[in-house]
Protein chains: 2
Amino acid sequence: MSSARATSARDLTRNQHLVLGTLEKAESPLSAYSILDQLREEGLRAPLQVYRALDKLLEMGLAHRLESLNAFVACAHPHCHKSGLIAFAICESCGQVSEFSDDVVRQRLDDWAAREGFVTKRTTMEIRGACRACASAA
Amino acid sequence: MSSARATSARDLTRNQHLVLGTLEKAESPLSAYSILDQLREEGLRAPLQVYRALDKLLEMGLAHRLESLNAFVACAHPHCHKSGLIAFAICESCGQVSEFSDDVVRQRLDDWAAREGFVTKRTTMEIRGACRACASAA
DNA sequence: GGCATTATGTTATGACATTACAAGTTTGAG
DNA sequence: CTCAAACTTGTAATGTCATAACATAATGCC
């Protein structure tokens, strides 16, 4: 069932499947520990079980880490792996996260890196604020 | 000497001054705890003393937090507060951090936010990789 | 089978950050 | 001046996030 080199959602280990499922059901980012809490009845007991699953999911692009929250979300577009640069808009009021990408931004950062001789491995971009609904409610 | 409403580097409390000085002397980002360690002889004893100072320094724009490292740096351009969006390029090999800003990127993100009705409070942008020196050495 | 690789489980520990409380200092209104 | 409000500081305890180290089992390959 599960291979040693899973590369798609259909080929996940049990723990990876459980963790991804939890993220997908959630409406906001989840910390590793809250994922763990939700999976105790499934037999998970230690943080490392969650962190290991998350590592693989991040690697496969099925989940993302939000650095400014120390939390994780399922990828909103798990099918199209098009973008090497994903931006997140995080509503600090309701917790919702929007995922988007912008080729112009990516290009500008690539240009900067090229000028500086910087070899980019990974870019994180997180906008914190209030989504439309929460901003108009306030 | 220190007022209740410090707004510039010349008007810092003792702890703020010590913390900022430590960051300025450092060649790489420092965690709050390593700042604390360096300031034990100056009488600092608890993490909170450092975190409180850092909060103020961040507020004043004299220091920045690197979310992907859980660490802090002194602002490289403490004089010109021009940019509302600062990007960081972090070399994972030598630890050096370059601070830059790009008006086109800022504009694109502002446009996105305007379209979505998202009210931006704070944006973090961090590029991880290898600086020119380390990339060519590798 | 025998070996390498990968996944899993468990305990303990390390690293980062905040809560809650107590006490001293500065500021300014009256 | 004097009091009270606002702010800063110190300290201990705790909470939250993440990994190291070790043991075991499953899997793929020759």
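Just above, that's the structure.
Residues numbered from 1 in each chain as written. Chains lettered and ligands numbered in written order. Predicted model: local features only at pLDDT ≥ 70, side-chain atom pairs only at ≥ 80, totals over all residues. Heavy atoms only, no water.

J.: Mind showing me how you'd approach the protein's contact with DNA strand C here?
T.: In the region of DNA strand C, 17 residues are neighbours, and Arg 45, Gln 49 and Arg 52 of chain A together with Tyr 33 and Arg 65 of chain B sit closest. Among atoms of DNA strand C positioned within 4 Å of the protein, sugar and phosphate together represent 46%. Between DNA strand C and Asn 15 of chain A there is a distance of 2.9 Å, counted from a phosphate oxygen to a side-chain nitrogen or oxygen. Residue Tyr 51 of chain B places a side-chain N or O atom 3.0 Å away from a phosphate oxygen belonging to DNA strand C. (Near = heavy atom within 4 Å. Polar contact = N/O pair within 3.5 Å; in protein donor to acceptor, adjacent residues only side chain to side chain.)

J.: In this structure, what is going on with the packing of aromatic side chains? I would like to understand it.
T.: Two aromatic rings are characterised by how far apart their centres lie and by the angle between their planes. Per the counting criterion, the structure on display carries four aromatic pairs over all chains. The interplanar angle of 55° and the centroid separation of 6.1 Å between the aromatic rings of Trp 112 of chain A and Phe 118 of chain A together place this pair among those described as tilted. Here Trp 112 of chain A and Phe 100 of chain B contribute two aromatic rings whose centre-to-centre distance is 4.0 Å and whose plane-to-plane angle is 10°, an arrangement assigned as stacked. On the criterion of chain membership, the pair formed by Trp 112 of chain A in helix 4 (residues 103-116) and Phe 100 of chain B in strand 4 (residues 97-100) is interchain, its members lying in two chains. You can call Trp 112 of chain A buried: its relative accessible area is 8%. What makes Phe 100 of chain B buried here is its relative accessible area of 10%. (Phe/Tyr/Trp six-rings, centres within 6.5 Å; stacked < 30°, edge-to-face > 60°. Helix = DSSP H or I, 4+ residues; strand = E, 2+ residues; numbered from the N terminus. Buried < 20%, exposed > 50% of the residue type's maximum accessible area, 1.4 Å probe, protein only.)

J.: What is the right way to read the relation of the copies chain B and chain A from this model?
T.: For the pair of chain copies, the relating operation is a rotation around an axis with a shift along it. Screw-axis analysis of chain B against chain A gives a translation of 0.0 Å along the axis, an RMSD of 0.0 Å, and a rotation angle of 180°. Taken together, the rotation and translation describe the operation of a two-fold axis. For chain B, the minimum C-alpha distance to the rotation axis belongs to Met 125 of chain B and amounts to 2.2 Å. Looking at the interface residues of chain B, 100% of them are also at the interface in chain A, so both copies use one shared face. (Least-squares fit on C-alpha atoms with pLDDT ≥ 70 in both. Contact = heavy atoms within 4.5 Å.)

J.: In this structure, what is going on with the sheet that holds strand 3 (residues 87-91) of chain A? I would like to understand it.
T.: Strand pairing in a sheet takes place through backbone hydrogen bonds and is either antiparallel or parallel in direction. In spatial order, the strands read 4(A)-3(A)-5(A)-5(B)-3(B)-4(B); together these six strands make up an open sheet with mixed pairing. Edge strands, defined here as strands with exactly one partner in the open sheet, are strand 4 (97-100) of chain A together with strand 4 of chain B. For this sheet, the mean inter-axis angle between neighbouring strands, taken without regard to orientation, is 20°. Sheet topology note: the strand 3 of chain A/strand 4 of chain A ladder contains four bridges and is antiparallel. Pairing of Phe 88 of chain A across the sheet is with Glu 99 of chain A, part of strand 4 of chain A. (Pairing = 2+ DSSP bridges. Axes fitted to C-alpha atoms, helices over the stretch in contact; angles between N-to-C directions.)

J.: Explanation requested: a nonpolar patch on the surface in the structure shown.
T.: Residues and elements named next belong to chain A. A cluster of nonpolar residues, Tyr 33, Leu 48 and Tyr 51, forms a patch on the protein surface that exposes about 310 Å² of accessible area. For Tyr 33, the location among the structural elements is in helix 2 (residues 32-38). On the accessibility criterion, Tyr 33 (48% relative accessible area) is partly exposed. (Patch = residues over 30% accessible without salt bridge, like charges linked within 9 Å, V, L, I, M, F, W, Y side chains within 5 Å. Areas by Shrake-Rupley, 256 points an atom, 1.4 Å probe, with all protein chains shown as cover. Salt bridge = Lys/Arg side-chain N within 4 Å of Asp/Glu carboxyl O.)

J.: Got a minute to help me understand helix 4 of chain A in this structure?
T.: Each full turn of the α-helix corresponds to 3.6 residues, which orients residues three or four apart in the same direction. Residue and element names in this part refer to chain A. Here helix 4 spans 20 Å end to end across 14 residues, near enough to the 20 Å set by a 1.5 Å rise per residue. Measuring from the backbone nitrogen of Val 104 back to the side-chain oxygen at the start of helix 4 gives 2.8 Å, which picks out Asp 102 as the cap. Gly 117 lies just past helix 4 and shows a positive phi near 75°. (Expected span 1.5 Å × (residues − 1).)

J.: I tried to follow the packing of helix 1 (residues 14-25) of chain B against helix 3 (residues 47-60) of chain B on my own but got confused; where do I start?
T.: Axes are the key here: two packed helices are described by the angle between their axes and the distance separating the axes. Residue and element names in this part refer to chain B. Their axes nearest at 9 Å, the elements helix 1 and helix 3 cross at an angle of 75°. Considering the angle they form, helix 1 stands roughly perpendicular to helix 3. Every residue of helix 3 that contacts helix 1 at Asn 15, Gln 16, Val 19, Leu 20 and Leu 23 is listed here: Gln 49, Val 50, Ala 53, Leu 54, Lys 56, Leu 57 and Met 60. Of the residues assigned to the contact of helix 1 with helix 3, the class counts are eight nonpolar, three polar and one charged. (Parallel < 35°, antiparallel > 145°, perpendicular 65-115°, else oblique. Nonpolar A, V, L, I, M, F, W, Y, C, P; charged D, E, K, R; others polar.)

This is a description of form; function is not addressed.
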